[in-house]
Amino acid sequence: MNGLRVALQWHRPGFALNAEFNLPARGITALFGPSGSGKTTLLRCIAGLEGAASGRIDIEGACWQDTARGIFVPTHRRRLGYVFQDAALMDHLTVQGNLDYGYARAPAGERWLTPAQAVEWTGIGHLLARRTQGLSGGERSRVAMARALATSPRLLLMDEPLAALDTAAKADILPYLERLQRELAIPMVYVSHAMDEVARLADHMVYLEQGRTLAAGPLREILTRTDLPLAHTDDASTMIDAQVVGHDAGYHLALLDFNGQRLQVADTGLQQGAAVRVRILARDVSLSRAPPENTSILNVFPATITKLKHHSPAQVLVGLDAAGIPLLARITRKSWDGLGLALGQHVYAQVKSVALLQ
């Protein structure tokens, strides 16, 4: 079996964790949910750091834990990399010393990555001779990621690695995480409270609430499920993976294609043919029954109404299918009734704002 399979239970007074899901063999899976939902506890259980956890963990056909059969592989033999929120570096060592420590943990016959590659992937070559206690928060986070990679892990766990950083430091590190998402052929589990990070990095999501797995699957599908709390937050949104197919140099716009539909966004130097991801908030989508005319909104495309959910006494949440891509629109109940909208109806989605994630 490919990927990671988890079915775990863990209990303490006042809290119970009962999580079950399957993850793909590569890419970043966001572990998401409100504070206190059990995200960090679940990550520690997967790592083997919570001995009281029961259940089963399988990765790429290998069993790390099976309580029923008396199997429990200790943490140091699980071939995983763990990036903690506080980096947890060895401050008596240099950056190079931290990487060498991680590299030494990997069995010689199972190493697939060298410290030099980890350095190149995280951009820390200029830091190797420095002691870690003198590094900035962003530098420490990158060193922690490099050390985790140097262990040649079969699984990479990251527990809010950017939570303690300011906006500028996060912006510096996100491109390195994006590179890992593109190039690492292993599963990665990423805990975060920041939807903007999740939207930019993740392909899949496991949504936890009060210790239970409410949903697990592709990020785009989870975000647009109207039966889940995520669709009813103020920043409810969907992601669209698109490709740059042209430029409008006169107006400094880039033209994006997704499944034959076009989006226009501000051109930030995007290269022709580049793959990009955009985020569209539900509150920025309005609906029309006819093609709109004489409007300032540039991004308008046909869609079909697939779902309806009451969001509040005044608003409804509308699920849409736009060229096979799920989309959300939050409109007033008065608009829904006034337009005579109904499930299965063809409409035009007007997107007032598009956030380019890069």
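It should be emphasised that the depicted structure is a prediction, and the values quoted were computed from it without experimental measurement. (Residues numbered from 1 in each chain as written. Predicted model: local features only at pLDDT ≥ 70, side-chain atom pairs only at ≥ 80, totals over all residues. Heavy atoms only, no water.)

Asks: Sorry if this is basic, but what is going on with the overall build of the protein chain here?
Replies: Looking only at helices and strands, the protein chain has 8 helices and 21 strands in total. Its C-alpha atoms give the protein chain a radius of gyration of 23 Å, near enough to 21 Å, the size a compact globule of 358 residues would have. The dimensions of the protein chain, computed from C-alpha atoms along their principal axes, are 65 × 50 × 35 Å. When each of the 358 residues of the protein chain is scored for burial, the buried share is 50%. For the protein chain, the proportion of contacts with a sequence separation of at least 24, taken over those separated by at least 6, is 66%. Carbon and sulfur atoms make up 50% of the accessible area of the protein chain, which amounts to about 15800 Å² in all. The positive charge centre, built from 36 side chains, and the negative charge centre, built from 33, are 4 Å apart in the protein chain. (Helix = DSSP H or I, 4+ residues; strand = E, 2+ residues; numbered from the N terminus. Rg over C-alpha atoms; globule rule 2.2 N^0.38 Å. Buried < 20%, exposed > 50% of the residue type's maximum accessible area, 1.4 Å probe, protein only. Contact = heavy atoms within 4.5 Å. Areas by Shrake-Rupley, 256 points an atom, 1.4 Å probe, with all protein chains shown as cover. Lys, Arg positive; Asp, Glu negative; His and termini not counted. Charge placed at Lys NZ, Arg CZ, Asp CG, Glu CD.)

Asks: Just to check I follow, could you spell out helix α4 (residues 137–150) for this structure?
Replies: The periodicity of an α-helix, 3.6 residues per turn, causes residues three or four places apart in sequence to face the same way. Across its 14 residues, α4 extends 20 Å between first and last C-alpha, which sits within 8% of the 20 Å expected from 1.5 Å per residue. Of all 14 residues that make up α4, 13 are buried, and the element is covered over most of its length. Downstream of α4 by one or two residues, Ser152 has phi in the positive range, about 50°. (Expected span 1.5 Å × (residues − 1).)

Asks: So what exactly am I meant to see when it comes to the environment of Ala185 here?
Replies: Topologically, Ala185 is positioned in the loop between α5 (167–183) and β9 (187–191). Taking C-alpha positions, Ala185 is 23 Å from Gly125, a pair spaced 60 residues apart along the chain. Residues within four places of Ala185 in sequence aside, it is in contact with Ala25 and Arg26.

Asks: Help me understand the state of the cysteines, please; the structure alone is not making it clear to me.
Replies: Each disulfide consists of a covalent bond between the sulfur atoms of two cysteine residues. Counted by the stated rule, this structure contains 0 disulfides. Among the cysteines around Cys45, which has no disulfide bond, Cys63 carries the closest sulfur, lying 15 Å off. (Disulfide = S-S within 2.5 Å.)

Asks: So what exactly am I meant to see when it comes to unusual backbone geometry here?
Replies: Glycine aside, the phi torsion of most residues is negative, and most peptide linkages are trans. Positive phi, normally seen in glycine, also occurs at Asn259, with a value near 50°. In this structure, Asn259 sits in the loop between β13 (253–258) and β14 (261–266). Residue classification places Asn259 among the exposed positions, given a relative accessible area of 52%. The phi dihedral of Asn294 is positive, around 50°, even though this residue is not glycine.

Asks: Would you mind showing me how to read the layout of surface pockets here?
Replies: If you add up the space inside the largest pocket, you get close to 380 Å³. In terms of lining residues, the largest pocket is bounded by 17 residues, among which Glu178, Arg182, Ala275, Val276 and Arg277 are the most central. Here the residues of the lining of the largest pocket sort into 7 nonpolar, 4 polar and 6 charged. Along the walls of the second largest pocket sit 16 residues, with Tyr82, Phe84, Tyr101, Arg105 and Arg147 positioned nearest its centre. Mapped by element, the contributors of at least two residues to the lining of the second largest pocket are β7 (80–83), α2 (95–105) and α4. When its residues are assigned to classes, the lining of the second largest pocket shows 10 nonpolar, 4 polar and 2 charged. (1 Å grid on protein atoms, 1.4 Å probe; cavity = no way out; pocket = protein on both sides within 12 Å on 5 of 7 lines; lining within 4 Å. Points joined across faces, edges and corners; volume = space filled by probe spheres on them. Nonpolar A, V, L, I, M, F, W, Y, C, P; charged D, E, K, R; others polar.)

Asks: How should I be thinking about the sheet that holds strand β16 (residues 285–288) in this particular structure?
Replies: Hydrogen bonds between backbone atoms are what pair the strands of a sheet, whose relative direction is either parallel or antiparallel. The 5 strands are arranged β16-β20-β17-β18-β19 in an open sheet whose pairing can be described as antiparallel. Because the sheet does not close on itself, it has two edges, and the strands there are β16 and β19 (325–332). Taken pair by pair, the neighbouring strands of this sheet meet at an average axis angle of 45°, ignoring direction. (Pairing = 2+ DSSP bridges. Axes fitted to C-alpha atoms, helices over the stretch in contact; angles between N-to-C directions.)

Asks: Looking at this structure, how should I read the nonpolar core?
Replies: General note: in soluble globular proteins, nonpolar side chains tend to be found buried as a group. The biggest cluster of nonpolar side chains holds 49 residues, and the ones touching the most others in it are Leu156, Leu177 and Met205. By residue number, the principal contributor to this core is α4, which donates 6 residues. Discounting chain neighbours no more than four positions away, the residues touching Met205 are Thr29, Ala30, Phe32, Met195, Val198, Ala215, Ala216, Gly217, Leu219, Ile222, Leu223 and Leu230. Core analysis: the next-biggest nonpolar cluster, separate from the first, contains 30 residues, Ala242, Val278, Ile280 and Val285 among them. (Core = buried A, V, L, I, M, F, W, Y, C linked by side-chain atoms within 4.5 Å.)

Asks: Just checking my understanding: could you explain empty space enclosed by the protein for this structure?
Replies: A water-sized probe rolled over the atoms picks out the places where empty space is left. Enumeration over the complete set of coordinates arrives at 1 cavity of 30 Å³ or more. The volume enclosed by the largest cavity comes to roughly 40 Å³.

Asks: I tried to follow the packing of helix α3 (residues 115–122) against α4 on my own but got confused; where do I start?
Replies: The geometry of α3 relative to α4 is characterised by a closest axis approach of 9 Å and an angle of 145° between their N-to-C directions. Crossing angle aside, the handedness with which α3 passes α4 is right-handed. Where α3 approaches α4, its residues Ala118, Trp121 and Thr122 are matched on the opposing element by Arg142, Met145, Ala146, Leu149 and Ala150. For the contact of α3 with α4, the residue count by class is 6 nonpolar, 1 polar and 1 charged. (Left-handed = near helix turned anticlockwise from the far one by under 90°.)

Asks: How should the side chain of Gln345 be read in this particular structure?
Replies: Looking at the element boundaries, Gln345 is found in the loop between α8 (333–339) and β20 (346–351). By relative accessible area, Gln345 is classed as buried at 16%. Polar contacts involving the side chain of Gln345 include one to the main-chain amide nitrogen of Ala342, which spans 3.1 Å. Those residues in contact with Gln345 that lie beyond four places of it in its chain are Arg289, Ala303, Thr304, Ile305 and Gly340. (Polar contact = N/O pair within 3.5 Å; in protein donor to acceptor, adjacent residues only side chain to side chain.)

No statement about biological role is implied by the geometric values presented.
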